[in-house]
Every structure is written in structure tokens, then in C-alpha cells.
Amino acid sequence: MFPSYSRRQFVMTKRAGNSLYFNIKEKLLKQIQSGVYSVGEKLPTEADLCEIYSASRTTIRLALSELEVQGILERIQGKGTFVKRKELQLVQTRSFTEDVLMSGREPTHRIIEAKVIPAEVPLNEFLHVPINAPVNQLLRVRYADNEPLLYERTYVAWSLAPGLANDYSEGSLFSFLEAKYNLKAHRSVEELKPILADKTAKKYLGVKEGSPCLQVKTFTYLEDNTPLEYSFGVFRGDFPSYTIERHF
């Protein structure tokens, strides 16, 4: 059964759809979607928008407010109105690649370094291997829509995945480990800590030294609790938020 609306409600809805503020909001939205205003870019001032659209400041503010409520824009006191980044949800049972795909963005990564190193303290303890045992080390920068989001160093014991440093090149590391070595990630434990960007973060993430970042240490285990991998990563801090969901 369809809900009933009064004639007055219908007229008000029709007028809202044809109103100047609504048309301005739709035009701004199309410009954002087409890339006229890109993510993180500042919009013209309210005064400039008033002139561009021949509208009052009240009308412009109403249009901007609706886009802000929809999560498309964000207003920063004393700085202006900016196109907002999408919130990225990181779900513990999926890989980074799957997380980025599920958020509607294109995941890519670049391997900066891949080599075999001896397991020193505390790495040998993290991976439950003897001191100086060979360990695969990968240094990667992860991207969402070609924008650097995270850099991380990942360590996997050679005894579990011999040749990983030479063989792995693209796609989800967890999918590769499962396909080539029959190693399926079962659970992860993460330690998160707010930090300030250092020279390494500046180099790989393109952020300023001293800007806020999020350090993440991840310990991933097989079903029998054998350590599968340990990684140390740094997320850039200028995304609005990261949501991490865990399933046990």
C-alpha cells in the first residue's frame, strides 16, 4: 500500500525540487562528479558563488549545507569549503585490495623493495622463528585511485613461503599466499597508534613532516595460530577516518 501525502506536501516537494538552491546544489554536485572540483580542492568562496549563480548568500549556504550533510563537502572554520574524501572502511576479513575495491576506489601498489633478511629481535619473536632465520621482507606503497594511502613493511618467514620476495609482484598478498603456498589467513591483531609523519612518511605518502599519521602494526595468524605475517604500516592522516571491523 502506497503512503498518502497531502496536496500541500506535494506542492512543497515540487517547489523544493525547482528551487534555486536545489539547482545550484545539483550543478555543484555534477561539477564535483565530473572532476571540475577534485577531492580535497577548495570551492570558491560564498561571495564568489553568489556572483557565479546570481543568488543570495542564504541560498548558497543552503545548497552547500545539503552537500555537507550528504558527506560530499566539508567546511573548515577559517579556511573554506572543500570536496571531502570518501571514508575508507578496512574490514579485517578482507585484504587491503578488497577493502579499497569495496569502497568504490581503484587499488594499486608499488613494491619499493623485496628482499630476504635475517630475523633479528624482536622480528624472530613475532614470527616464531630462530634468530637470524631467513625472512621475506616487502616494502610497499598502497594507493587508492592513484593517491598514496599507506606504506608498509611486511615480513613473512622464508620457511612458510620460500621465494616470496622474488615471486610476488601484484594483487592481494593474502590471495597470493593462499594460491601459491596454501597459506590462508585466519585472524589478525592490530595495534594502532597516532604518530607524526617522519621523513619516510614524507617520501612515500607525500605528506609534510610533523603532520598527523596513523601507525598500524598487524600480526596475522593461520588457523593453528602459526604467525603468517607481521607488518608495520603508516597511514596518512588527512583522510577523514578509517573504520576497521573485526570478525572472530
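Cut-off values and rules
Residues numbered from 1 in each chain as written. Predicted model: local features only at pLDDT ≥ 70, side-chain atom pairs only at ≥ 80, totals over all residues. Heavy atoms only, no water. Salt bridge = Lys/Arg side-chain N within 4 Å of Asp/Glu carboxyl O. Buried < 20%, exposed > 50% of the residue type's maximum accessible area, 1.4 Å probe, protein only. Helix = DSSP H or I, 4+ residues; strand = E, 2+ residues; numbered from the N terminus. Arc of directions from axis to C-beta. Contact = heavy atoms within 4.5 Å. Pairing = 2+ DSSP bridges. Polar contact = N/O pair within 3.5 Å; in protein donor to acceptor, adjacent residues only side chain to side chain.

### As for the pattern of salt bridges
Reasoning step 1: In the structure shown here, the tally under the stated rule is 12 salt bridges.
Reasoning step 2: Close ionic contact of glutamate 26 with lysine 25 constitutes a salt bridge, the shortest N to O distance being 3.5 Å.
Reasoning step 3: Taking the relative accessible area as the measure of exposure, lysine 25 reaches 6% and is therefore buried.
Reasoning step 4: Between glutamate 46 and arginine 75 there is a salt bridge, with the nearest N and O atoms lying 3.6 Å from each other. Here arginine 75 lies in strand 1 (residues 73-76) and glutamate 46 lies in helix 3 (residues 46-53), a separation of 29 residues in the sequence.
Reasoning step 5: Taken together, the shared-partner salt bridges in this structure form one network comprising Glu46, Arg57, Arg61, Glu68 and Arg75.

### Brief notes about helix 3
Reasoning step 1: Looking at helix 3, one finds that the buried residues are Glu46, Leu49, Cys50 and Tyr53. In an axial view of helix 3, the angular spread of the buried residues amounts to 105°, which keeps them on one side of the axis. Turned more than 90 degrees away from the buried face of helix 3 sit Glu51 and Ile52, all of them exposed.
Reasoning step 2: Packing partners of the buried residues in helix 3 comprise helix 2 (20-34), helix 4 (57-69) and strand 1.

### Here's the deal with the pairing of strand 5 (residues 134-144)
Reasoning step 1: Counting buried residues along strand 5, 10 of its 11 residues qualify, which places the element largely inside the surrounding structure.
Reasoning step 2: Relative to strand 6 (residues 147-157), strand 5 runs antiparallel, the two being bridged by 10 bridges. Bridge assignment links glutamine 137 to a residue of strand 6, and that residue is tyrosine 155.
Reasoning step 3: What sits between strand 5 and strand 6 in their antiparallel hairpin is a turn of 2 residues, with aspartate 145 showing a positive phi close to 55°.

### Some words on helix 8 (residues 173-181)
Reasoning step 1: Those residues of helix 8 that fall on the buried side of the exposure criterion are Leu173, Phe176, Leu177 and Tyr181. End-on view of helix 8: buried residues confined to an arc of 100°, all on one side of the axis.
Reasoning step 2: Here the buried face of helix 8 lies against strand 5, strand 6, helix 7 (164-167) and strand 9 (227-236).
Reasoning step 3: Structurally, the start of helix 8 carries an N-cap: the backbone nitrogen of phenylalanine 174 is 3.4 Å from a side-chain oxygen of serine 172.
Reasoning step 4: Looking one or two residues past helix 8, asparagine 182 carries a phi angle of roughly 60°, positive in sign.

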